[in-house]
Amino acid sequence: MDWLVASNIALWAGLIIVVVMNLALARQIGVLHERVAPAGALLTNRVLRVGEDAPLLSLETLRGETVQVGAPVPGKSQLLFFVSPDCPVCNELIPVFKSAARTESGWLRAMLASDGIDLNHRAYVESKGLGEFPYLLSELLGKSYGVSQLPYAVLIDEQGKVASMGIVNTREHLESLFEAKERNVASIQEYLKQNSEVTDVEADPS
């Protein structure tokens, strides 16, 4: 009987230890989750700065429509998504671009941009099902917006100013451009840095 009582006590003690360890582990995971900052689009541009007027260009799409890139549009922002048919990462992100463009269509006009031979891009539009989006083929557009690496995206606000921009390699990078505009910062990295500085000041008011 003594042996049975001792074994029950040992089992309960072991169970309590496991529960305590799981609670401690869950807390540490929560702390780690807070410390791991979301990755935003990498802002690398030697031509433009966030907050500046976007370069205003009148361009023709592959369908022959004229588009005023960078012009103020009441209630609508413009997203320029720079791609290339031979860019593997661009191809992987096309479904992400299409999904985001449709979801945010209430306030966003999404456009694709590239340069090169017309026929290649027409085939690209057909194969990727991009016919619903304006597709701009202009070397001048890429140079005017300081695009040096693909895929790259520029978000222009309703006033025709650059709201956010950067190299976009994932869905999170693309969504970070929208988030940066909403929070009125150049990038998510800048927002996180500002929050970190505020937290440090509050933690050490002296």
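It should be noted that the structure appears before, not after, this text.
For clarity, every value in this text was computed on a predicted model and none was experimentally measured.

Please clarify how the layout of surface pockets should be interpreted in this entry.
One simple way to see leftover space: roll a probe sized like a water molecule over the atoms. Put simply, the second largest pocket is a space of about 200 Å³. Around the second largest pocket, the lining is made up of 14 residues, and of these F82, D115, G142, V147 and L150 lie nearest the centre. Elements supplying a minimum of two residues to the lining of the second largest pocket: β4 (108-114) and α4 (139-144).

Would you mind going over the environment of P88 with me for this structure?
If you trace the backbone, P88 turns up in helix α2 (residues 88-103). Look at P88 and you get exposed, because its relative accessible area is 57%. It is 9.7 Å that separates the C-alpha atoms of P88 and L150, two residues lying 62 residues apart in sequence.

Where do I start with the pattern of salt bridges in this structure?
Close approach of charged atoms lets side chains of opposite charge pair. Considering all chains together, one arrives at seven salt bridges under this definition. Of the charged contacts, one joins E132 and R102 as a salt bridge, the two residues approaching to 2.5 Å between their closest N and O atoms. Here the residue E132 occupies a position in the loop between α3 (118-128) and β5 (135-137), and R102 occupies one in helix α2, the gap between them amounting to 30 residues. By relative accessible area, E132 is classed as partly exposed at 44%. Taking relative accessible area as the criterion, R102 reaches 45% and is therefore assigned partly exposed. Of the charged contacts, one joins E158 and K181 as a salt bridge, the two residues approaching to 3.5 Å between their closest N and O atoms. Of the two residues, E158 is situated in the loop between β6 (152-156) and β7 (162-167) and K181 in helix α5 (residues 171-183); the sequence distance between them amounts to 23 residues. You can call K181 partly exposed: its relative accessible area is 23%.

I'm lost on the pairing of β4 in this one. Help?
On a regular strand, one side chain projects to one face of the sheet and the next to the other, so that they alternate. Counting buried positions along β4 yields six of seven residues, so the element is predominantly enclosed. Pairing analysis gives six bridges linking strand β3 (residues 77-82) to β4, with the strands arranged parallel. The residue of β4 that forms the bridge with F82 is A113. With α2 bridging β3 and its parallel neighbour β4, the resulting β-α-β unit is right-handed. In this sheet, β5 lies alongside β4 in parallel orientation, the contact comprising three bridges. Of the residues in β5, the one forming a bridge with S114 is L137. Crossover β4 to β5 through α3 is right-handed.

Definitions and cut-offs
Residues numbered from 1 in each chain as written. Predicted model: local features only at pLDDT ≥ 70, side-chain atom pairs only at ≥ 80, totals over all residues. Heavy atoms only, no water. 1 Å grid on protein atoms, 1.4 Å probe; cavity = no way out; pocket = protein on both sides within 12 Å on 5 of 7 lines; lining within 4 Å. Points joined across faces, edges and corners; volume = space filled by probe spheres on them. Helix = DSSP H or I, 4+ residues; strand = E, 2+ residues; numbered from the N terminus. Buried < 20%, exposed > 50% of the residue type's maximum accessible area, 1.4 Å probe, protein only. Salt bridge = Lys/Arg side-chain N within 4 Å of Asp/Glu carboxyl O. Pairing = 2+ DSSP bridges. Right-handed = clockwise from strand over helix to strand, strands pointing away.

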